[in-house]
Amino acid sequence: MSETAAPSLSVFRHRDFRTYQIARLCAVLAMQIESVAIGWQVYEVTGSALALGYTGLAQFVPFLAFCLIGGQVADRFDRRIILAICQSVMFLCSLALLSFSLGHITDVRFVYGVLVLFGTARAFYAPAGGALTPHLVPKNELTRAVAVNSTTWQVATIAGPAVGGVLYGWAGATGAYLGSASLCALTVVWILSLKVRTGRASSQPLSFSTLVAGLGFVRRQRLLLGSITLDLFAVLLGGAVALLPIYARDVLHTGPWGLGLLRCAPAAGAAVVAVMLAMRPLGGRAGWKMFTAVAIFGAATLVFGMSKSLPLSLVALAIAGAADMVSVVVRHTLELMATPDEMRGRVGAVNMMCIGASNELGEFRAGWLAEHVGAIPAVVTGAVGTLAIVAIWAWGFPELRKVDRLETAGRPTPAEPQPAESPTAQAG
């Protein structure tokens with residue numbers, strides 16, 4: 001059955017794919033609930049935009065430090081076990097935050113310490129999770145599987161902040177962290193129930209060259225390099241998530257429930273587009289559509305930055321999320337289609353490093369700039385920067401702009417020549 005002829009929901013007939021989606025749903029719900037609680041609690045205690053920026057930096061630094069190692073681990077050991085271990089660490093992080101809340105600890109350095117551990121777990125979780133999807137569905141259904149993955153993520157990102165806001169408003173940070181810990185525990189159960197065993201994808205011995213092989217692969221693949229770096233710099237400049245607590249309280253004059261709405265608005269728009277792409281793939285002129293979508297993301301962020309109305313702000317964020325989803329599907333599909341299995345963990349690590357830089361480092365940029373010039377100028381200047389990035393990348397990566405159909409755009413190329421495996425090497 002061809003990709004275009006496959007039923008839109010055919011990927012759900014695969015038992016492990018269904019199970020993985022439930023695990024992802026629980027994991028992202030937990031993360032979003034926790035994120036809302038941390039953001040509101042830190043700003044409530046400190047009243048500082050820079051303190052909010054540090055929540056992103058605390059996650060990004062360990063993520064950057066360990067992500068390449070995480071990619072190599074994902075190519076050498078069973079990816080299911082890696083996910084279960086990492087999610088168990090995230091469960092412990094939720095319990096630590098819960099204990100801080102119960103103990104009425106207000107020193108935010110404890111929160112930053114937990115976020116460092118959380119960022120370290122993510123450095124191993126993200127490459128393994130991204131590389132697992134091709135093992136759950138046939139290759140001809142991979143594009144739809146990517147869209148469904150994104151749909152699950154966005155549905156959880158819609159519900160998570162709303163639930164987090166309600167829990168925080170009802171039972172404070174304690175209620176939110178308890179909900180997050182419960183969902184993390186469920187995630188571990190669902191991951192361990194997966195029947196797939198990926199084993200060892202790469203037989204290369206451990207070395208510095210194999211550690212950084214993903215960087216070299218992305219550098220040689222212009223489509224991957226262009227799509228990954230476009231997202232990196234567009235979101236690094238245009239991201240406004242870290243400043244949503246400030247907008248909620250000081251600009252839009254709302255409370256935790258309003259913050260929850262603001263957090264879930266981009267995901268609502270993204271989920272609509274993800275469902276549409278799962279039902280009907282992007283089709284032709286995918287590269288041009290990607291650049292257009294990132295430009296719309298920048299323009300919508302600009303509108304949000306200048307808005308003083310909660311309804312207008314929600315609409316702008318929803319449009320930004322919808323546009324960003326097009327870029328997500330194009331980028332991730334190109335990554336999976338163009339990368340051989342023995343390299344997927346390491347290439348996925350490079351992609352996740354860039355995503356982490358654009359999100360967490362972008363949060364620090366926004367927080368630092370807002371501390372010095374104010375929240376509104378920080379968002380507006382970032383949005384203008386995103387529009388400039390789109391123009392520069394459209395000129396600098398014409399091959400990405402000219403991509404037609406995703407199903408034929410990414411062609412796997414041979415990985416670096418592999419040295420002979422040591423007879424004593426053990427399978428992961």
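If you're wondering where the values come from, they're calculated on a predicted model, not measured in any experiment.

Peer 1: What am I meant to see in the layout of surface pockets here?
Peer 2: Over the atoms a probe the size of a water molecule is rolled, and this reveals where empty space is left. Approximately 190 Å³ is the volume found for the largest pocket. The wall of the largest pocket is formed by 17 residues, among which Gln 41, Val 45, Ser 101, Ile 105 and Thr 106 lie closest to the centre. Looking at the lining of the largest pocket, the elements with two or more residues in it are helix 1 (15–46), helix 3 (79–102), helix 4 (108–132) and helix 5 (142–192). Of the residues in the lining of the largest pocket, the class split is 10 nonpolar, 5 polar and 2 charged.

Peer 1: Please clarify how empty space enclosed by the protein should be interpreted in this entry.
Peer 2: Under the defined criterion, the tally for this structure stands at 3 cavities of 30 Å³ or more. Reported here for the second largest cavity is a volume of approximately 40 Å³. Contributing to the lining of the second largest cavity are Asp 231, Ala 234, Val 235, Val 294, Phe 297, Asp 324 and Ser 327. The element best represented in the lining of the second largest cavity is helix 8 (residues 222–238), accounting for 3 residues. Of the residues assigned to the lining of the second largest cavity, the class counts are 4 nonpolar, 1 polar and 2 charged.

Peer 1: I keep staring at the packing of helix 1 against helix 10 (residues 256–279) and nothing clicks. Help me out?
Peer 2: Packed helix pairs are characterised by how far apart their axes lie and by the angle those axes make with each other. In the contact formed by helix 1 and helix 10, the axes pass within 11 Å of each other and the chain directions differ by 130°. By the criterion of interaxial angle, the relationship of helix 1 to helix 10 is oblique. Seen along the crossing, helix 1 lies across helix 10 with a hand that is right-handed. Of the residues in helix 10, those touching helix 1 at Gln 32, Ser 35, Val 36 and Trp 40 are Pro 256, Leu 259 and Arg 263. Of the residues that constitute the contact of helix 1 with helix 10, the class distribution is 4 nonpolar, 2 polar and 1 charged.

Peer 1: Can you help me understand the pattern of salt bridges in this one?
Peer 2: What the rule picks out here adds up to 6 salt bridges. In this structure, the salt-bridge partner of Arg 15 is Asp 16, at a minimum N-O distance of 2.9 Å. On the basis of relative accessibility, which here comes to 14%, the residue Asp 16 falls in the buried class. Arg 222 is the partner of Glu 399 in a salt bridge, and the nearest nitrogen-oxygen pair spans 2.9 Å. In this pair, Glu 399 is assigned in helix 15 (residues 398–401) and Arg 222 in helix 8, connecting sequence segments 177 residues apart.

Peer 1: Looking at this structure, I do not really get the nonpolar core. What am I missing?
Peer 2: One broad trend across soluble globular proteins is that nonpolar side chains are buried collectively. Val 42, Leu 243, Leu 262 and Phe 304 are the most contacted members of the largest nonpolar core, which has 132 residues in total. Excluding anything up to four places from it in sequence, Leu 243 contacts Ala 366, Gly 367, Ala 370, Ala 375, Ala 378 and Val 379.

Peer 1: Got a minute to help me understand helix 5 in this structure?
Peer 2: Here helix 5 spans only 23 Å end to end across 51 residues, well under the 75 Å set by a 1.5 Å rise per residue. Along its length, helix 5 reaches its greatest deviation from straightness, about 135°, at Ala 171.

Peer 1: It is not clear to me how helix 9 (residues 244–251) should be interpreted in this structure. Could you clarify?
Peer 2: Every α-helical turn comprises 3.6 residues, leaving residues that sit three or four positions apart pointing alike. Summarising burial for helix 9: 6 of the 8 residues are buried, a large majority. Residues Leu 244, Pro 245, Ile 246, Tyr 247, Ala 248 and Val 251 constitute the buried set of helix 9. Of the residues one or two after helix 9, His 253 is the one with positive phi, at around 55°.

Peer 1: Looking at this model, I keep getting lost on the packing of aromatic side chains. Mind explaining?
Peer 2: Within a pair of aromatic rings, the relevant descriptors are the distance that separates the centres and the angle that separates the planes. Applying the stated criterion to the full structure yields 7 aromatic pairs. Ring centres 5.4 Å apart and planes at 50° place the aromatic pair Phe 233 and Trp 393 in the tilted group. Separated by 160 residues along the polypeptide, Phe 233 in helix 8 and Trp 393 in helix 14 (residues 375–396) bring together distant segments of the chain. Following the ring pairs from residue to residue traces out a cluster consisting of Phe 233, Trp 393 and Phe 397. One residue, Arg 122, lies across the ring of Phe 63, its end atom 4.7 Å from the ring centre.

Peer 1: Could you clarify how one ought to interpret the environment of Phe 397 in this entry?
Peer 2: Inspection of the secondary structure puts Phe 397 in the loop between helix 14 and helix 15. A relative accessible area of 10% means that Phe 397 is categorised as buried. On a C-alpha basis, the gap between Phe 397 and Gly 226 in space is 6.1 Å, while along the polypeptide they are 171 residues apart. Beyond its immediate sequence surroundings of up to four residues, Phe 397 is in contact with Arg 222, Leu 225, Gly 226, Thr 229 and Phe 291.

Peer 1: Sorry, what's going on with the environment of Gly 385 here?
Peer 2: Among the secondary structure elements, Gly 385 is positioned in helix 14. For the pair Gly 385 and Leu 236, spaced 149 residues apart in sequence, the C-alpha to C-alpha distance is 9.4 Å.

Peer 1: Would you explain the side chain of Ser 180 in this entry?
Peer 2: In this fold, Ser 180 is placed in helix 5. Separated by 3.1 Å, the side chain of Ser 180 and the backbone oxygen of Ala 30 make a polar contact. Among residues more than four places away in sequence, those in contact with Ser 180 are Ala 30, Ile 33, Glu 34 and Ser 94.

The rules we used
- Residues numbered from 1 in each chain as written.
- Predicted model: local features only at pLDDT ≥ 70, side-chain atom pairs only at ≥ 80, totals over all residues.
- Heavy atoms only, no water.
- 1 Å grid on protein atoms, 1.4 Å probe; cavity = no way out; pocket = protein on both sides within 12 Å on 5 of 7 lines; lining within 4 Å.
- Points joined across faces, edges and corners; volume = space filled by probe spheres on them.
- Helix = DSSP H or I, 4+ residues; strand = E, 2+ residues; numbered from the N terminus.
- Nonpolar A, V, L, I, M, F, W, Y, C, P; charged D, E, K, R; others polar.
- Axes fitted to C-alpha atoms, helices over the stretch in contact; angles between N-to-C directions.
- Parallel < 35°, antiparallel > 145°, perpendicular 65-115°, else oblique.
- Left-handed = near helix turned anticlockwise from the far one by under 90°.
- Contact = heavy atoms within 4.5 Å.
- Salt bridge = Lys/Arg side-chain N within 4 Å of Asp/Glu carboxyl O.
- Buried < 20%, exposed > 50% of the residue type's maximum accessible area, 1.4 Å probe, protein only.
- Core = buried A, V, L, I, M, F, W, Y, C linked by side-chain atoms within 4.5 Å.
- Expected span 1.5 Å × (residues − 1).
- Bend = angle between axes of the 7 residues up to and from the residue.
- Phe/Tyr/Trp six-rings, centres within 6.5 Å; stacked < 30°, edge-to-face > 60°.
- Lys NZ or Arg CZ within 6 Å of the ring centre and 35° of its normal.
- Polar contact = N/O pair within 3.5 Å; in protein donor to acceptor, adjacent residues only side chain to side chain.

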